[in-house]
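In case you want the letters, here they are:
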Amino acid sequence: MKPKSLVNIGDYSRDDIIRIIETASKFKQQPNRPLLKGKVCATLFFEPSTRTRLSFETAINRLQGRIVGFSDTATSSATKGESLKDTIMMVSNYADIIIMRHHLEGSARYASEVSPVPIINAGDGANQHPTQTMLDIFSIYETQQTLQDLTITIVGDLKYGRAVHSLIEGLSHFNPTFNFVAPQEMKIPEKHKIYCDKRGIKYHEFTDFSPNSINSADILYMTRVQRERFTDLMEYEKVKNIYTLRNDMLSDSKPNLKVLHPLPRVKEIDQDVDSNPKAYYFQQAGNGVYMRQAVMCDLLNIEVE
Ligand code: CP
């Protein structure tokens with residue numbers, strides 16, 4: 001039997017998500033536990049990362065696991081032409097679980113099909129970023145005390161943003177209403193609208209970042225324009241600074257509003273927002289440690305008291 005993996009957030013049920021949030025809450029109370037003692041965890045980052053890799057590695061260190069891996073493909077034998085399959089087969093000889101980020105969409109699914117150990121998708125191209133979604137949902141629950149019936153305004157690069165694509169699927173169990181704010185060049189791909197339509201999820205599309213899209217929201221989810229996904233940099237130049245959230249734009253927002261961002265940010269949130277109590281993106285990134293501890297223990301069938 002294949003081991004459990006986390007490739008696509010859509011593979012997790014409502015109950016799975018709630019169970020793992022509950023475990024992450026336990027880790028937030030007490031992150032230092034010897035639960036990965038004797039385990040080796042591999043972090044294979046074929047694409048750059050700050051938060052995802054370092055929060056996974058912090059999570060593992062706090063659970064007393066060991067880490068092998070690379071943060072730069074240039075230091076791996078992929079540069080000599082080794083295939084992804086061979087890399088995964090090799091690393092699975094060494095590690096109990098593999099955390100992988102790769103530029104190719106579907107690479108994590110493929111890895112999970114050939115791997116004898118669990119695979120965690122730490123981002124595959126513009127496709128999915130399921131552990132980001134898990135920590136986003138944890139942060140939403142933490143700040144709203146519910147996941148049900150919320151209005152989520154998602155702003156920016158909805159075409160290439162893998163965190164956005166995962167978030168739509170992850171929240172689909174909780175009757176959300178989405179406001180999708182993006183320029184024509186980066187609007188939400190048709191397949192995600194079809195996904196919403198099939199599940200009766202309400203959504204509205206806007207090209208302007210209007211006061212109404214901010215003031216009606218419980219969560220304002222800002223995103224960066226994904227420069228690395230553009231094949232034509234002229235196209236990137238046209239849209240790179242299309243929307244910027246400034247502090248004064250939050251003055252009529254709902255009292256419970258929180259501003260989230262998967263980070264890194266470039267210019268889409270002005271620094272003057274950082275001191276507003278509605279800004280929650282740094283705490284959100286901090287939650288990545290607890291949520292990733294919970295995800296790893298869940299996949300390795302480790303009970304958390
Ligand atoms: N949110 C996120 O994936 O950040 P990194 O690219 O720094 O890992």
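As the structure is a computational prediction, the values presented were derived from the model and not from experiment.

Caption draft 1: Just helix H6 (residues 162-171), in detail. Of all the 10 residues making up H6, 10 are buried; the element is thus mostly covered by neighbouring parts of the structure. Among all positions in H6, only Arg-162, Ala-163, Val-164, His-165, Ser-166, Leu-167, Ile-168, Glu-169, Gly-170 and Leu-171 are buried.

Caption draft 2: Highlighting empty space enclosed by the protein. The full count for this structure, using the stated rule, is two cavities of 30 Å³ or more. Size it by volume and the largest cavity reaches roughly 80 Å³. Around the largest cavity, the lining residues are Val-155, Gly-156, Met-222, Thr-223, Val-225, Lys-240, Asn-241, Ile-242, Tyr-243, Thr-244, Lys-267 and Glu-268. Across the lining of the largest cavity, the residue classes tally to five nonpolar, four polar and three charged. Here the second largest cavity defines a volume of roughly 50 Å³. For the lining of the second largest cavity, the elements supplying multiple residues, two or more each, are helix H2 (51-62), helix H5 (130-144) and helix H10 (281-299). Residue composition of the lining of the second largest cavity, by class: three nonpolar, four polar and two charged. Split by domain, the lining of the second largest cavity shows at least three residues from each of two domains, domain 1 (9-129 + 287-299) and domain 2 (130-285).

Caption draft 3: How the structure looks around the pattern of salt bridges. Inspection of every chain in the model, using the stated rule, returns 16 salt bridges. Residue Asp-16 pairs with Arg-19 through a salt bridge whose shortest N-O separation is 3.0 Å. With a gap of three residues between them, Asp-16 and Arg-19 both fall in helix H1 (residues 14-29), about one helical turn apart. The shortest N-O distance in the salt bridge between Lys-238 and Glu-235 comes to 3.1 Å.

Caption draft 4: Up close: the sheet that holds strand E1 (residues 40-45). Spatial ordering of the open sheet is given by E2-E1-E3-E4, a layout of four strands whose pairing is parallel. This sheet does not close on itself; its edge strands, each paired only once, are strand E2 (66-70) and strand E4 (119-124). Going from strand to strand, the sheet's axes swing by 15° on average, the running direction of each strand aside. Sitting on the sheet, H10 touches strand E3 (97-102) and E4, and the angle it makes with E4 is about 140°.

Caption draft 5: Structural context of the layout of surface pockets. If you add up the space inside the largest pocket, you get close to 400 Å³. In terms of lining, the largest pocket is formed by 23 residues, of which the most central are Arg-101, Arg-162, Arg-224, Leu-263 and Pro-264. Those elements that provide at least two residues to the lining of the largest pocket are H2 and H6. Counting residues per element, the lining of the largest pocket draws most heavily on H6, at three residues. In terms of residue class, the lining of the largest pocket is built from six nonpolar, nine polar and eight charged. Here the lining of the largest pocket spans two domains, and each of domain 1 (9-129 + 287-299) and domain 2 (130-285) adds at least three residues to it.

Caption draft 6: The packing of aromatic side chains, seen in detail. Summed over all chains, the structure comprises seven aromatic pairs. Centre to centre, the rings of Phe-180 and Tyr-203 are 5.8 Å apart; their planes meet at 35°, and the pair counts as tilted. Of this pair, Phe-180 sits in strand E6 (residues 177-181) while Tyr-203 sits in strand E7 (residues 202-206), placing them 23 residues apart in sequence. For Tyr-203, a relative accessible area of 21% gives the class partly exposed. Here the aromatic rings of Phe-230 and Tyr-236 are separated by 5.7 Å at their centres, their planes lie at 65°, and the arrangement is edge-to-face. According to the relative accessible area criterion, Phe-230 is buried, its value standing at 12%. Judged by its relative accessible area of 10%, Tyr-236 is buried. Here the aromatic cluster, defined as three or more aromatic residues joined through ring pairs, consists of Tyr-160, Phe-230 and Tyr-236. Over the face of the ring belonging to Tyr-195 we find Arg-199, whose NZ or CZ atom lies 3.6 Å from the ring centre.

What counts, and where the lines are drawn
Residues numbered from 1 in each chain as written. Predicted model: local features only at pLDDT ≥ 70, side-chain atom pairs only at ≥ 80, totals over all residues. Heavy atoms only, no water. Buried < 20%, exposed > 50% of the residue type's maximum accessible area, 1.4 Å probe, protein only. Helix = DSSP H or I, 4+ residues; strand = E, 2+ residues; numbered from the N terminus. 1 Å grid on protein atoms, 1.4 Å probe; cavity = no way out; pocket = protein on both sides within 12 Å on 5 of 7 lines; lining within 4 Å. Points joined across faces, edges and corners; volume = space filled by probe spheres on them. Nonpolar A, V, L, I, M, F, W, Y, C, P; charged D, E, K, R; others polar. Domains from an automatic or database assignment. Salt bridge = Lys/Arg side-chain N within 4 Å of Asp/Glu carboxyl O. Pairing = 2+ DSSP bridges. Axes fitted to C-alpha atoms, helices over the stretch in contact; angles between N-to-C directions. Contact = heavy atoms within 4.5 Å. Phe/Tyr/Trp six-rings, centres within 6.5 Å; stacked < 30°, edge-to-face > 60°. Lys NZ or Arg CZ within 6 Å of the ring centre and 35° of its normal.

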